[in-house]
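For reference, the chains in residue letters:
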Amino acid sequence: MNAPVASTRMSEEETRELLCELLRLFYDRGWVSGTGGGICGTTPDGLMLLAPTGVHKERIQPPDFFVIDPRDGSVVKPAADPGLRPSECNSIFSAAIRERGAGSVVHSHALSSVLAADLAKGDSLEIRDLEMLKGIRDVTNRDVHLLPVITNTPREYELTEQVEKVLKEERFATANAILVRDHGAYIWGEDVWEAKRHTEVYHFLFEATVARDRS
Ligand SMILES: [Zn+2]
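As the structure is a prediction and not an experimental result, all values here were calculated from the model. (Residues numbered from 1 in each chain as written. Predicted model: local features only at pLDDT ≥ 70, side-chain atom pairs only at ≥ 80, totals over all residues. Heavy atoms only, no water.)

(A) Summary view of the overall build of the chain. Helix and strand content of the chain: 5 helices and 9 strands. Mapped from its N terminus to its C terminus, the chain presents α and β elements in the order α-β-β-β-β-α-β-α-β-β-α-β-β-α. In terms of overall size, the chain behaves like a compact globule, its C-alpha atoms giving a radius of gyration of 16 Å where 215 residues would be expected to give roughly 17 Å. If one aligns the C-alpha atoms of the chain with their principal axes, the spans along those axes are about 50 × 40 × 30 Å. Counting over 215 residues, the chain shows a buried share of 53%. Here the chain has roughly 10,300 Å² of accessible surface; of this, 48% comes from carbon and sulfur atoms. Treating the 25 positive side-chain charges of the chain as one cloud and the 34 negative ones as another, the clouds have centres 2 Å apart. (Helix = DSSP H or I, 4+ residues; strand = E, 2+ residues; numbered from the N terminus. Rg over C-alpha atoms; globule rule 2.2 N^0.38 Å. Buried < 20%, exposed > 50% of the residue type's maximum accessible area, 1.4 Å probe, protein only. Areas by Shrake-Rupley, 256 points an atom, 1.4 Å probe, with all protein chains shown as cover. Lys, Arg positive; Asp, Glu negative; His and termini not counted. Charge placed at Lys NZ, Arg CZ, Asp CG, Glu CD.)

(B) Here's a closer look at the coordination of the zinc ion. Bound to the zinc ion are the protein donor atoms His107 (NE2), His109 (NE2), Glu156 (OE), Glu156 (OE) and His183 (NE2), situated 2.1 to 2.8 Å from the metal. On the primary sequence, the residues serving as donors to the zinc ion are separated as H-x1-H-x46-E-x26-H. (Donors = N, O, S within 2.8 Å, 3.2 Å for Na, K, Ca; no water.)

(C) Just the packing of helix α1 (residues 12-28) against helix α5 (residues 192-214), in detail. Running from N to C, α1 and α5 point in directions that differ by 10°, and their axes come no closer than 11 Å. One way to sum up the angle between α1 and α5 is to call them roughly parallel. Residues Thr15, Leu18, Leu19, Leu22, Leu25 and Phe26 of α1 touch α5, and the partners they reach there are Val192, Trp193, Lys196 and Thr199. Residue composition of the contact of α1 with α5, by class: 7 nonpolar, 2 polar and 1 charged. (Axes fitted to C-alpha atoms, helices over the stretch in contact; angles between N-to-C directions. Parallel < 35°, antiparallel > 145°, perpendicular 65-115°, else oblique. Contact = heavy atoms within 4.5 Å. Nonpolar A, V, L, I, M, F, W, Y, C, P; charged D, E, K, R; others polar.)

(D) Fine view of the sheet that holds strand β9 (residues 184-189). The 9 strands lie next to each other as β4-β3-β2-β1-β5-β9-β8-β7-β6, forming an open sheet whose pairing is mixed. The two strands at the open ends of the sheet, each matched to only one other strand, are β4 (74-77) and β6 (124-127). Geometrically, the sheet is characterised by an average inter-axis angle of 25° between neighbouring strands, direction not taken into account. Pairing analysis gives 4 bridges linking β6 to strand β7 (residues 145-150), with the strands arranged antiparallel. (Pairing = 2+ DSSP bridges.)

(E) Quick look at the nonpolar core. Within the largest apolar cluster, 69 residues are counted, with the highest numbers of intra-cluster contacts made by Ile39 and Leu179. For this core, the element with the most residues is α5, which contributes 8 residues. The contact partners of Leu179, leaving out residues within four places of it in the chain, are Ser113, Ala116, Ala117, Leu125, Leu147, Pro148, Val149, Ile150, Gly184, Ala185 and Phe206. (Core = buried A, V, L, I, M, F, W, Y, C linked by side-chain atoms within 4.5 Å.)

(F) Region of the structure containing the packing of helix α2 (residues 90-100) against helix α4 (residues 160-167). Viewed as axis vectors pointing N to C, α2 and α4 meet at an angle of 15°, and their least axial separation amounts to 9 Å. On the basis of their axis angle, the class for α2 and α4 is roughly parallel. You can see that α2 and α4 cross each other, and the crossing is right-handed. Note on element contacts: α4 touches α2 through Thr160, Val163, Glu164, Val166 and Leu167, opposite Ser91, Ile92, Ala95, Ala96, Arg98, Glu99 and Arg100. (Left-handed = near helix turned anticlockwise from the far one by under 90°.)

(G) Looking closely at the packing of aromatic side chains. Across all of its chains, the model carries 3 aromatic pairs by this definition. With a centroid separation of 6.0 Å and an interplanar angle of 25°, the aromatic rings of Tyr202 and Phe206 are classed as stacked. Here Phe206 and Tyr202 lie together in helix α5, a separation of 4 residues that amounts to about one turn. The exposure class of Tyr202 is buried, given its relative accessible area of 0%. (Phe/Tyr/Trp six-rings, centres within 6.5 Å; stacked < 30°, edge-to-face > 60°.)

(H) Looking closely at α5. Given a rise of 1.5 Å per residue, 23 residues ought to cover 33 Å, and the 33 Å separating the end C-alpha atoms of α5 matches this to within 8%. By the N-cap criterion, in which a side-chain oxygen at the helix start approaches the backbone nitrogen of a residue two or three places on, α5 is capped by Asp191, the distance to Trp193 being 3.1 Å. (Expected span 1.5 Å × (residues − 1). Polar contact = N/O pair within 3.5 Å; in protein donor to acceptor, adjacent residues only side chain to side chain.)

(I) Highlighting α1. Between its first and last C-alpha atoms α1 spans 25 Å; for 17 residues at 1.5 Å apiece the expected length is 24 Å, and the two agree. Within the span of α1, buried status applies to Thr15, Arg16, Leu18, Leu19, Cys20, Leu22, Leu23 and Phe26. Buried residues along α1 sit in contact with β1 (38-42), β2 (48-50), β3 (66-69), β4, β5 (104-108) and α5. Once α1 ends, the next one or two residues include Gly30, with phi positive near 80°.

Encoded structure:
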């Protein structure tokens with residue numbers, strides 16, 4: 001069987017396998033290390049496949065995902081291992097699915113996302129003058145790309161109110177990411193493949209913006 005390389009019509013099983021593969025790739029980049037970070041995808045019937053919390057992300061297997069109803073965050077089907085708990089990203093990922101039609105969301109704990117948030121002016125970060133901006137849907141390399149930057153909270157789910165607020169703001173209409181100060185980033189796409197591309201592109205943009213500020 002050939003593994004898919006780009007499709008918006010993957011089966012639930014293919015999506016589970018791809019999410020595991022992405023966690024391994026992102027772990028190797030230092031974006032989901034120390035059990036931090038997270039990921040979700042969606043099933044063909046619009047339910048969310050959510051990774052578990054508090055586990056080594058690079059070792060997650062396809063049966064370890066929870067099936068969640070993104071309308072209210074309720075668990076439709078638990079992970080096969082009863083010792084696993086759903087990610088605290090549940091309410092944030094659900095908000096991105098509801099408000100932005102996201103088909104997949106990545107939560108990164110990359111150092112570059114923390115350092116990029118430090119460069120925010122007020123509650124937003126401007127990214128400009130980089131060819132890689134074209135990797136974000138509907139963005140060109142001449143645009144000044146504005147990302148929301150929100151304030152960290154003791155527990156991840158407590159970020160949800162801030163996330164829901166910025167997702168509705170017109171000035172962030174082209175943003176496919178939210179930075180969380182001192183913490184990381186949420187990055188999404190209309191399907192798992194676009195979320196992968198956006199995750200790679202935004203990390204380049206974070207790294208470039210931080211490096212330029214220091215030069
Ligand atoms: Zn986190």
